[in-house]
Amino acid sequence: MYKIFDTVDEVSRYTAQRLLAKIKAAPTAVLGLATGSTMEPVYAQMLKDIQQAPVDLSKLTTFNLDEYIGLSAQHPQSYNYYMYQHLFNQLNIPARNVHLPDGLASDVETACQAYSNAIEAMGGLDLQLLGIGSNGHIGFNEPQTCFNSRTHIVELSEQTRIDNGRFFDDQNEVPTHAITMGIQDILNAKEIILVATGSNKTEIMAQLFASAIDEALPASALKQHKNLTIVLDREAAALLPEQALKSAV
Ligand code: F6R
């Protein structure tokens, strides 16, 4: 299902409301969370909404999608740091319920397995929030990642390193590898919301619409999912065919 809004503000309000509705309906919900610029206004809106109408977060559990290898939780560009800055520092989710891959794990393979196992042990993700890379990645699952992958190490594509270079002082500082939940972990979520905004997502959203389910375009795996909402602003939706726009609600 597509949801298309005129502005990023409306996209963020809608997405924040969906997340909060899930938590209100199921205070023990397990949420899969994403980072990146798309999510900044979403999390800001969530904080605003919670300030106005407090929600019990004491039983909520979260698992983030990914983390750079080699960056500590204190590194300002680590996804751990991002999540505390944009969300967790302002919320009362118990620290033991918050999970992010460890970019400094000494045994990364074992840590990856443990991460997918921990998600499963919680009964899986109730709702996974996703952004999308300009090359179609979800999490850091780059093109050609197996759709049955679990949490694993990835070598970041050149495109992703260039796209994410904007957050670093120097392009050479962008890590080359990351840990990401696998596509299977994502597909196992009971509900998925993919958010894309802005003109740098226009082309990939048109490609995704037209694509078959194909490992060359990781986000196309989502087409098999029974409970997927794609939330776009007008810019990201600009090249979608009439057919998609008509089905949007
Ligand atoms: C981040 C993540 C990535 C981003 C994607 C889009 O945790 O998993 O897939 O969602 O790279 O990033 P932005 O929102 O910065 O364009």
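See above for the structure.
What counts, and where the lines are drawn
In this numbering scheme, every chain counts its residues from 1 along its sequence in written order. The predicted origin of the model limits local features to residues at a pLDDT of at least 70 and limits the giving and counting of side-chain atom pairs to 80 or more, whereas totals for whole chains, interfaces and linings rest on all residues. To obtain the side-chain values, all non-hydrogen atoms of the structure were used and water was disregarded. Per the convention used, a helix needs a DSSP run of H or I reaching at least four residues, while a strand needs a run of E reaching at least two, with both numbered from the N terminus. We compute the radius of gyration over the C-alpha atoms and compare it with the globule rule, which gives 2.2 Å times the number of residues raised to the power 0.38. Two residues form a contact once any of their heavy atoms are found within 4.5 Å. Per-residue accessibility takes into account occlusion by the displayed protein chains alone, with areas from the Shrake-Rupley method and a 1.4 Å probe. Charge counting follows a simple rule: Lys and Arg are positive, Asp and Glu are negative, and His as well as the terminal groups are ignored. Charge placement uses NZ in Lys and CZ in Arg. For Asp and Glu, CG and CD serve respectively. What makes a nonpolar core is a set of buried Ala, Val, Leu, Ile, Met, Phe, Trp, Tyr and Cys residues whose side-chain atoms join them at distances within 4.5 Å. Exposed residues in this analysis have more than 50% of their type's maximum accessible area, buried residues have under 20%, and partly exposed residues fall in between, with area computed by a 1.4 Å probe over protein chains only. A cavity, in this analysis, means grid points on a 1 Å lattice covering only the protein atoms where a 1.4 Å probe fits yet has no way out; a pocket is instead an open set bounded by protein on both sides within 12 Å along at least five of seven lines, and a residue lines either one if it has an atom within 4 Å of a point. Grid points are joined across faces, edges and corners, and a volume is the space filled by probe spheres set on the points. Three classes are used: nonpolar for Ala, Val, Leu, Ile, Met, Phe, Trp, Tyr, Cys and Pro, charged for Asp, Glu, Lys and Arg, and polar for all others, with Gly counted as polar. When DSSP finds two or more bridges between two strands, those strands count as paired. Lines fitted to C-alpha atoms define the axes, with helix axes restricted to the stretch in contact, and inter-axis angles between N-to-C directions lie between 0 and 180 degrees. Any residue with a non-hydrogen atom lying within 4 Å of a molecule or strand is treated as near it. Between N or O atoms, a polar contact is any pair within 3.5 Å; within protein, one atom must be a potential hydrogen donor and the other a potential acceptor, and residues adjacent in sequence are included only when both atoms are from side chains. More than half of a molecule's atoms lying within 2 Å of a cavity's or pocket's grid points is what places that molecule inside it.

Draft legend 1. Quick peek at the overall build of the chain. When its secondary structure is counted, the chain shows eight helices and 10 strands. Taken over the C-alpha trace, the chain has a radius of gyration of 17 Å; the compact-globule value for 249 residues is 18 Å, and the two agree within 12%. Within the chain, counting contacts between residues at least 6 apart in sequence, those at least 24 apart form 80% of the total. Total accessible area computed for the chain in this model is approximately 11,000 Å², and 50% of it derives from carbon and sulfur atoms. Here the chain contributes 17 positive and 28 negative side-chain charges, whose respective centroids are spaced 11 Å apart.

Draft legend 2. Local environment of the nonpolar core. Grouped together as the largest cluster of nonpolar side chains are 68 residues, with contacts concentrated most on Tyr43, Leu87, Leu194, Met205, Leu222 and Leu232. Setting aside chain neighbours within four positions, we find Leu194 in contact with Leu130, Gly131, Ile132, Ile138, Met205, Leu208, Leu222, Leu228, Thr229, Ile230 and Val231. Core analysis: the next-biggest nonpolar cluster, separate from the first, contains nine residues, Tyr68, Leu71, Phe140 and Phe168 among them.

Draft legend 3. Focus on empty space enclosed by the protein. On inspection of all chains with the given rule, the structure shows one cavity of 30 Å³ or more. If you go around the largest cavity, the residues you meet are Ile23, Leu31, Leu33, Met46, Leu60, Thr62, Leu87, Leu91 and Ile93. Of the residues that constitute the lining of the largest cavity, the class distribution is eight nonpolar, one polar and no charged.

Draft legend 4. Molecular detail of the sheet that holds strand S1 (residues 2–5). Across the sheet, seven strands lie side by side as S1-S10-S9-S6-S2-S3-S5; this open sheet has parallel pairing. The two strands at the open ends of the sheet, each matched to only one other strand, are S1 and strand S5 (98–99). Where strand S2 (residues 30–33) meets strand S6 (residues 127–130), two bridges bridge the pair, whose relative direction is parallel. Looking across to S6, one finds that Gly32 is bridged to Gln128. With respect to the sheet, helix H7 (residues 202–210) is in contact with S1, strand S9 (192–196) and strand S10 (228–233), its orientation differing from that of S9 by roughly 140 degrees.

Draft legend 5. Structural view of the side chain of Ser211. Its place among the elements puts Ser211 in the loop between H7 and S10. Since its relative accessible area comes to 17%, Ser211 is described here as buried.

Draft legend 6. Summary view of the site of the ligand. Of all residues adjacent to the ligand, which total 15 residues, the nearest are Thr38, Asp66, His137, Gly139 and Lys201. Separating an oxygen atom of the ligand from a side-chain N or O atom of Lys201 is a distance of 2.6 Å. Across the complex, the protein chains shield 95% of the 410 Å² of accessible surface that the ligand would expose by itself. When each cavity is represented as a set of grid points, the ligand is found to reside in the largest pocket. Counted by class, the shell around the ligand contains four nonpolar, eight polar and three charged residues.

Draft legend 7. Looking closely at the environment of His225. With respect to the helices, strands and loops of the structure, His225 is situated in the loop between H7 and S10. Here the side chain of His225 touches Leu187 through a polar contact of 3.4 Å, landing on its backbone oxygen. From its side chain, His225 meets the backbone nitrogen of Asn227 in a polar contact 2.9 Å long.

Draft legend 8. A look at the layout of surface pockets. By volume, the largest pocket is sized at about 450 Å³. Every residue lining the largest pocket is counted, 23 residues in all, and those nearest its centre are Gly36, Ile132, Gly133, His137 and Lys201. By residue class, the composition of the lining of the largest pocket is seven nonpolar, 12 polar and four charged. There is about 150 Å³ of room inside the second largest pocket. What lines the second largest pocket is a set of 13 residues, and nearest its centre among them are Pro76, Gln77, Ser78, Tyr82 and Phe167. For the lining of the second largest pocket, the element with the most residues is helix H3 (residues 79–86), which contributes five residues. When grouped by side-chain class, the residues that make up the lining of the second largest pocket number seven nonpolar, five polar and one charged.

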